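A closer look at the structure
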Amino acid sequence: MFFKLRKVDWLMVGILALFMLFSTLLVRSAIAPYESEFQGYDLKTVIFYLLGFVVIFGMALVDYRTLLRYSWYVYGAGCVLLVLVYLFAPEINGARSWFRIGGLQFQPAELVKIILILTTGYLLGKRMGQPLQFRRDIIPITLGTLLPFFLVLIQPDLGNAIIYLVVLVGMLWIGNARYSHVLIALTAAVAALILFVTLFNAYNTQIQDH
């Protein structure tokens, strides 16, 4: 464990700690005139940063190859979270994207970004740098991205859904996919996005009335 901690980039950790200090001070100064309305926002900022550091050091101590072996289970858990947040989470600003845990909020769509990279990286690693095959590699990777893509779209959260497409294209690019295959995958994803937006606009009036 201590050997792994020695490999941590402590300069980067120090920079992040400075960001934590400065951002907390900025939040504190911003809410000072409105203390009664925004009480505790500075404390929440500190809590979020500390949780982030816990994740950083936790990941530093975990062998990523272990995560890769269980990547499909992690992927399934991520998709289940997206379903649960849509079914049971309270609506905030017209979207069901956040779980409330005590005084904190948790957005599964953010976690699924990392899960997609992990799962896709596992599939790409099995190819050992060889060019990706369309049926064997491109189609499964694209379908694996489209499932959480749609689950996030129905929340609706267009911003995170688009980021999933960016992750898909980036991972295919890194995986030595042919340009034509990347274009086909991106076209299919964009077509799915256009279809959703079209259907959403068709029922937009009913949603607003509701």
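Scope of this entry: the structure provided in the associated data block. (Residues numbered from 1 in each chain as written. Predicted model: local features only at pLDDT ≥ 70, side-chain atom pairs only at ≥ 80, totals over all residues. Heavy atoms only, no water.)

1. A closer look at the environment of Phe38
Note on placement: Phe38 falls in the loop between α2 (10-31) and α3 (41-61). For Phe38 and Arg28, which are 10 residues apart along the polypeptide, the C-alpha to C-alpha distance reads 9.7 Å. (Helix = DSSP H or I, 4+ residues; strand = E, 2+ residues; numbered from the N terminus.)

2. Points about the side chain of Asp137
Within the secondary structure, Asp137 sits in helix α7 (residues 134-153). Classification of Asp137 by relative accessible area gives buried; the value is 7%. (Buried < 20%, exposed > 50% of the residue type's maximum accessible area, 1.4 Å probe, protein only.)

3. Quick look at the packing of helix α6 (residues 108-125) against α7
Where α6 contacts α7, the two axes come as close as 10 Å, and the packing angle between them is 175°. Relative to α7, α6 is oriented roughly antiparallel. Mapping the contact onto sequence places Ala109, Val112, Leu116, Thr120, Leu123 and Leu124 in α6 and Ile141, Gly144, Thr145, Pro148 and Val152 in α7. Its residues assigned to classes, the contact of α6 with α7 comprises eight nonpolar, three polar and no charged. (Axes fitted to C-alpha atoms, helices over the stretch in contact; angles between N-to-C directions. Parallel < 35°, antiparallel > 145°, perpendicular 65-115°, else oblique. Contact = heavy atoms within 4.5 Å. Nonpolar A, V, L, I, M, F, W, Y, C, P; charged D, E, K, R; others polar.)

4. Observations concerning α6
Since the α-helix packs 3.6 residues into each turn, any two residues three or four apart lie on the same face. Taking 1.5 Å as the rise per residue, α6 with 18 residues should run 26 Å; its terminal C-alpha atoms sit 25 Å apart, in good agreement. Residues of α6 that are buried include every one of Pro108, Ala109, Val112, Lys113, Ile115, Leu116, Leu118, Thr119, Thr120 and Leu124, and no others. Check the buried side of α6 and you find it contacts α4 (64-69), α5 (71-88), β1 (99-101), β2 (104-106), α7 and α8 (158-174). (Expected span 1.5 Å × (residues − 1).)

5. As for unusual backbone geometry
That bond from Gln155 to Pro156 is cis: its omega, -10°, falls within 30 degrees of zero. On the secondary structure map, Pro156 appears in the loop between α7 and α8.

6. A word on the nonpolar core
Membership of the largest hydrophobic core comes to 29 residues, with the highest contact counts inside it found for Phe149, Tyr164 and Leu172. Of all the secondary-structure elements, those providing two or more residues to this core are α5, α6, α7, α8 and α9 (179-202). Beyond its immediate stretch of four places on either side in the chain, Phe149 contacts Ala161, Tyr164, Leu165, Ala189, Ala192 and Leu193. (Core = buried A, V, L, I, M, F, W, Y, C linked by side-chain atoms within 4.5 Å.)

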